[in-house]
Amino acid sequence: MNVLITGGAGFLGSALARRLVSSVAAGGPIERITLLDRAAPLQPIEDPRVHYMAADINDPAALEHAIGVHTTTIVHLAAVVSGQAEADFDLGMRVNVDATRLILERARALGTRPRVVFTSSVAAFGGPLPARVADDTRALPQSSYGVQKVIGELLVGDYTRKGYIDGVTLRVPTISVRPGAPNKAASSFASGIIREPLAGLPALCPVSTDVRMWLQSPQCAVSNLMHAIAIDGAALGIDRTVNLPGLSVSVGEMIEALRAVAGAEVAARVRFERDPAVERIVASWPSDFTAERARALGFVADRDYASIIRAHVAAQGVALAA
């Protein structure tokens with residue numbers, strides 16, 4: 001396998017690359033992994049098969065260099081996140097729509113029908129929603145980010161229908177707990193209210209404890225990306241977009257899980273200051289899914305939120321008080 005990961009210097013791209021080099025990939029042995037990103041990796045992977053490429057994904061020349069006839073798999077993770085895409089419409093369209101089209105056009109030009117895994121979002125949904133979103137619930141995004149992701153979903157589906165690529169789109173739950181620094185996603189607090197208190201720092205929560213979210217751990221997200229890379233496209237049929245399984249958890253339940261794992265003193269580091277803009281975006285997203293099709297296809301969810309916190313503690317080497 002020859003794999004390109006856009007946004008490869010990010011935490012999810014790096015985690016996927018590490019899993020790929022340490023696993024026996026279902027698509028065959030790993031020959032090369034190219035991690036394309038504007039940023040430098042914080043922790044480079046020391047493996048001769050892993051190559052970093054600093055470039056803008058909106059640069060057609062860079063994409064032509066990164067994606068060649070030997071590229072078997074493209075995992076498109078790079079994106080302008082929700083809050084930033086809402087604040088800067090032009091930037092969101094340029095990165096989330098225009099660059100996606102450039103990547104698909106480059107894959108089309110190869111004539112080799114590579115597997116393309118595109119990460120979408122629960123922000124694809126909005127408006128009046130059932131208590132649990134079913135696999136046939138209409139996508140009606142209520143943010144620019146959600147609209148841009150749905151455009152990407154449709155493009156991946158049509159390029160697959162035309163035989164240019166073998167595409168898979170994953171509607172990924174909000175990932176918690178993300179390591180590293182906060183980003184400009186409206187959902188960034190879903191990691192911050194756990195990550196920062198565990199590191200001994202205060203955390204600000206911009207929404208009420210009643211807000212409920214559809215969540216997945218980084219470890220589970222990587223497992224589902226691995227599965228998407230390997231899955232037989234025939235099993236997906238004409239519908240190449242999958243609502244991934246997750247956990248429906250309220251902010252209050254997240255903080256209670258933090259208290260159970262790390263103690264009351266750690267949980268008390270979270271304080272609340274409502275931000276109407278963030279709350280509006282997050283409240284427009286669905287908080288629960290049936291995800292029946294994804295489970296039948298072999299995609300997985302976490303057991304419970306306390307387990308997600310414990311996995312973060314183990315991965316980051318956080319020392320908990322006795």
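Basis of the calculations
Residues numbered from 1 in each chain as written. Predicted model: local features only at pLDDT ≥ 70, side-chain atom pairs only at ≥ 80, totals over all residues. Heavy atoms only, no water. Helix = DSSP H or I, 4+ residues; strand = E, 2+ residues; numbered from the N terminus. Contact = heavy atoms within 4.5 Å. Areas by Shrake-Rupley, 256 points an atom, 1.4 Å probe, with all protein chains shown as cover. Buried < 20%, exposed > 50% of the residue type's maximum accessible area, 1.4 Å probe, protein only. 1 Å grid on protein atoms, 1.4 Å probe; cavity = no way out; pocket = protein on both sides within 12 Å on 5 of 7 lines; lining within 4 Å. Points joined across faces, edges and corners; volume = space filled by probe spheres on them. Nonpolar A, V, L, I, M, F, W, Y, C, P; charged D, E, K, R; others polar. Pairing = 2+ DSSP bridges. Axes fitted to C-alpha atoms, helices over the stretch in contact; angles between N-to-C directions. Phe/Tyr/Trp six-rings, centres within 6.5 Å; stacked < 30°, edge-to-face > 60°. Lys NZ or Arg CZ within 6 Å of the ring centre and 35° of its normal. Salt bridge = Lys/Arg side-chain N within 4 Å of Asp/Glu carboxyl O.

## Section: the overall build of the protein
Part 1 of the argument: For the protein, the helix and strand inventory stands at 13 helices and 12 strands.
Part 2 of the argument: A principal-axis box enclosing the C-alpha atoms of the protein has dimensions of 55 × 45 × 40 Å.
Part 3 of the argument: Residue pairs at least 24 apart in sequence account for 78% of intrachain contacts in the protein once pairs closer than 6 positions are excluded.
Part 4 of the argument: Looking at the protein as shown, the accessible area adds up to about 13900 Å², and 53% of this sits on carbon and sulfur atoms.

## A closer look at the environment of Leu-91
Part 1 of the argument: Along the chain, Leu-91 turns up in helix H4 (residues 89–110).
Part 2 of the argument: Overall, the relative accessible area of 22% leaves Leu-91 in the partly exposed class.
Part 3 of the argument: Between the C-alpha atom of Leu-91 and that of Thr-73, which follows or precedes it by 18 residues, the distance is 26 Å.
Part 4 of the argument: Apart from the residues lying within four places of it in its own chain, the contact partners of Leu-91 are Val-80 and Gln-84.

## As for empty space enclosed by the protein
Part 1 of the argument: By the definition in use, this model includes 1 cavity of 30 Å³ or more.
Part 2 of the argument: Size it by volume and the largest cavity reaches roughly 30 Å³.
Part 3 of the argument: Forming the walls of the largest cavity are Val-122, Thr-174, Arg-212, Met-213, Trp-214, Val-282, Trp-285 and Pro-286.
Part 4 of the argument: Split into classes, the residues belonging to the lining of the largest cavity amount to 6 nonpolar, 1 polar and 1 charged.

## Some remarks on the sheet that holds strand E7 (residues 174–175)
Part 1 of the argument: Strand order in this open sheet of 3 strands is E7-E9-E11, and the pairing throughout is mixed. The two strands at the open ends of the sheet, each matched to only one other strand, are E7 and strand E11 (247–250).
Part 2 of the argument: Packing of helix H7 (residues 218–230) onto the sheet brings it into contact with E7 and strand E9 (212–216), and relative to E9 it is tilted by some 60°.

## Re the packing of aromatic side chains
Part 1 of the argument: For the coordinates displayed, the defined rule picks out 3 aromatic pairs.
Part 2 of the argument: Plain terms: the ring middles of Phe-125 and Phe-289 are 5.6 Å apart, the flat faces sit at 70° to each other, and that makes the pair edge-to-face. A residue pair is termed long-range when its members are at least 10 positions apart, and Phe-125 in the loop between strand E5 (115–121) and helix H5 (144–161) and Phe-289 in the loop between helix H11 (276–283) and helix H12 (292–296) qualify at 164 residues.
Part 3 of the argument: You can call Phe-125 buried: its relative accessible area is 0%.
Part 4 of the argument: Where Trp-214 meets Phe-289, the ring centres are 5.3 Å apart and the plane angle is 40°; that geometry is what we call tilted. With a gap of 75 residues between them, Trp-214 in strand E9 and Phe-289 in the loop between H11 and H12 connect regions that are remote in the sequence.
Part 5 of the argument: Accessibility expressed as a relative area gives 1% for Phe-289, which makes it buried.
Part 6 of the argument: A connected cluster of aromatic rings, assembled from ring pairs, spans Phe-125, Trp-214 and Phe-289.
Part 7 of the argument: In this structure, Arg-108 packs its charged tip against the face of Tyr-164, placed 4.6 Å from the ring centre.

## Concerning the layout of surface pockets
Part 1 of the argument: Its volume calculated, the second largest pocket comes out at about 290 Å³.
Part 2 of the argument: At 4 residues, the largest contribution of residues to the lining of the second largest pocket is made by H5.

## Section: the environment of Gly-167
Part 1 of the argument: For Gly-167, the position within the fold is in strand E6 (residues 166–172).
Part 2 of the argument: Assessed through its relative accessible area of 0%, Gly-167 is described here as buried.
Part 3 of the argument: Separated by 12 residues in the primary sequence, Gly-167 and Leu-155 have C-alpha atoms spaced 9.6 Å apart.
Part 4 of the argument: Every residue in contact with Gly-167, bar those within four places of it in the chain, is listed here: Val-116, Val-156, Thr-160, Leu-236 and Arg-240.

## With respect to the sheet that holds strand E4 (residues 73–76)
Part 1 of the argument: If you trace the 7 strands from one edge of the open sheet to the other, you get E3-E2-E1-E4-E5-E6-E10, paired in parallel fashion. Both outer strands of the open sheet, strand E3 (50–54) and strand E10 (241–243), are each paired with one neighbouring strand and no more. Strand-to-strand twist of the sheet, defined as the mean angle between neighbouring strand axes without regard to direction, takes the value 20°.
Part 2 of the argument: Each of E5, E6 and E10 touches H5; the most contacted strand, E5, lies at about 155° to it.

## Points about the environment of Ala-296
Part 1 of the argument: Here Ala-296 lies in helix H12.
Part 2 of the argument: Residues Ala-296 and Ile-165, spaced 131 residues apart in sequence, show a C-alpha to C-alpha distance of 23 Å.

## Describing the pattern of salt bridges
Part 1 of the argument: In the structure shown here, the tally under the stated rule is 18 salt bridges.
Part 2 of the argument: Between Arg-108 and Glu-105 there is a salt bridge whose closest N-O contact spans 3.1 Å. Here Arg-108 and its partner Glu-105 are both found in helix H4, 3 residues apart, which amounts to about one turn of the helix.
Part 3 of the argument: Between Asp-288 and Arg-132 there is a salt bridge, and its shortest N-O distance comes to 3.4 Å. Of the two residues, Asp-288 sits in the loop between H11 and H12 while Arg-132 sits in the loop between E5 and H5, which places them 156 residues apart along the sequence.
Part 4 of the argument: The class for Arg-132 is partly exposed, based on a relative accessible area of 43%.
Part 5 of the argument: Each of the salt bridges in this network shares a partner with another, and the network as a whole consists of Arg-101, Glu-105 and Arg-108.

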